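# Notes for the structure review
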Amino acid sequence: MSNLSNPIFQDETKAREWLEARVWPNGPVCPHCGVVDQATLMNGETTRAGLYQCNACREPFTVTVGTLYERSKVPLNTWLAVTHLMMASKKGMSALQISRMIGLPYKTVWFLCHRIRESLTTTPDLSPLGGQNKVVEADETYIGGKAKNRAHRKPAPKQAVFSLVERDGDVRSFHLAQVSAKTLGPIITSNIHKASALMTDDSPIYPKIGEGFSLHGTVNHSANEYARAYFWHTNTVEGYFSLLKRAVFGTFHHVSEAHLHRYTAEQDYKWNTRKMTDLARFEASISGIVGKRLTYRRTNEAQT
Ligand SMILES: [Zn+2]
């Protein structure tokens, strides 16, 4: 449900106060020296709203320092509204739809959506999926290649997405230029716990990699789904791919190679938070965006 009447989506001050309460539950944290609850709110006539001065290091700061909101001309309440609309929609919502709903230019919304997706990208230092008595399914799929949406009727090159899904757990997706034992091996080894059971299709890529796990089951994709065994299947990762494709083709029509990893990041995030309510997912995504301030800044610098 998308309820945009909440004041935090309408009013910039309300949005800032809400964000402060979320990220500073114990009082303002100085981003310069790390001191907690030792800052004074500046109240001058010409002072920016929400500007604090640290009593320890004397540096000024606001709640958005170092976040993707920091240098944005778009008001904070708009960022929150766009994030909310993206997070409340399981299938994904296009920038065009969002721009109609909140009355902002399409280009601005498109830009915000991409920045938000980027900030949802899973950090590489996560603990591995699976473990003892756990099953992780791995599979690859191809996105794109449909000619009908392209002006010159030439099919777009297909792009490979490789996903790992722990049954009843999280998903992690990777956008690959090439699918081979060389590209898949390191991803599988570093993202799946060795004690797991690994389920893959019967591609010759997997047997050698599979030896590193407590068990390796292979499935023939062309086999009738209903004929598959209760345990030996890759239905979970295939289900994830059908959601991803529905989001990409049904909502976004065309996803260029440069942006595919952002769409998979959004779908991964939604899958991994599927047991949350829409509101909880929105709140968690905001905490993630703001909590990743230093990582984000580093990524940003690497690109420019
Ligand atoms: Zn300080």
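Right above here is the structure, for reference.
Quantities reported herein were computed from a predicted structural model and do not represent experimental measurements. (Residues numbered from 1 in each chain as written. Predicted model: local features only at pLDDT ≥ 70, side-chain atom pairs only at ≥ 80, totals over all residues. Heavy atoms only, no water.)

### Digging into the packing of aromatic side chains
As enumerated under the stated definition, the model contains 9 aromatic pairs in all. Taken together, a centroid distance of 5.5 Å and an interplanar angle of 85° make the contact between Y240 and W271 edge-to-face. One end of the pair, Y240, is in helix α7 (residues 235-252); the other, W271, is in helix α8 (residues 260-272), and 31 residues separate them in sequence. Put simply, the rings of F9, W18 and F282 pair up and form one aromatic cluster. (Phe/Tyr/Trp six-rings, centres within 6.5 Å; stacked < 30°, edge-to-face > 60°. Helix = DSSP H or I, 4+ residues; strand = E, 2+ residues; numbered from the N terminus.)

### Comments concerning α8
The terminal C-alpha atoms of α8 lie 18 Å apart, and with 13 residues this matches the ideal 18 Å at 1.5 Å per residue to within 8%. Among all positions in α8, only L260, R262, Y263, T264, A265, E266, Q267, D268, Y269, K270 and W271 are buried. (Expected span 1.5 Å × (residues − 1). Buried < 20%, exposed > 50% of the residue type's maximum accessible area, 1.4 Å probe, protein only.)

### A few points about the environment of F282
Tracing the backbone shows F282 in helix α9 (residues 278-291). Measuring from C-alpha to C-alpha, the distance between F282 and A88 comes to 7.3 Å, with 194 residues separating the pair along the chain. Filtering out sequence-adjacent residues up to four positions away, F282 remains in contact with I8, F9, W18, L80, T83, H84 and M87. (Contact = heavy atoms within 4.5 Å.)

### Overview of the packing of helix α3 (residues 95-102) against helix α4 (residues 106-120)
Axis angle and axis distance: for two packed helices, these are the angle between their axes and the distance between the axes, and together they describe the pair. In contact at an axis separation of 9 Å, α3 and α4 are set at 120° when each is read in the N-to-C sense. It follows that α3 is oblique to α4 by the angle criterion. In the packing of α3 onto α4, the handedness of the crossing is right-handed. Between α3 and α4, the contacting residues are A95, L96, I98 and S99 on the first element and Y106, V109, W110 and C113 on the second. Its residues placed into classes, the contact of α3 with α4 shows 7 nonpolar, 1 polar and no charged. (Axes fitted to C-alpha atoms, helices over the stretch in contact; angles between N-to-C directions. Parallel < 35°, antiparallel > 145°, perpendicular 65-115°, else oblique. Left-handed = near helix turned anticlockwise from the far one by under 90°. Nonpolar A, V, L, I, M, F, W, Y, C, P; charged D, E, K, R; others polar.)

### Here's the deal with a nonpolar patch on the surface
Nonpolar side chains collect at one region of the surface, where L96, Y106, W110 and F111 lie side by side and expose about 370 Å² of accessible area between them. In terms of residues, the nonpolar patch owes the most to one element, α4, which gives 3 residues. Inspection of the secondary structure assignment puts F111 in helix α4. (Patch = residues over 30% accessible without salt bridge, like charges linked within 9 Å, V, L, I, M, F, W, Y side chains within 5 Å. Areas by Shrake-Rupley, 256 points an atom, 1.4 Å probe, with all protein chains shown as cover. Salt bridge = Lys/Arg side-chain N within 4 Å of Asp/Glu carboxyl O.)

### Regarding the packing of helix α2 (residues 76-88) against α4
At their nearest, the axes of α2 and α4 sit 10 Å apart, and the two run at 70° to each other. As far as their axial angle goes, α4 and α2 are roughly perpendicular. In the packing of α2 onto α4, the handedness of the crossing is right-handed. Two secondary-structure elements touch here, α2 through T78, W79, V82, T83, M86 and M87 and α4 through L112, C113, R115, I116, R117 and L120.

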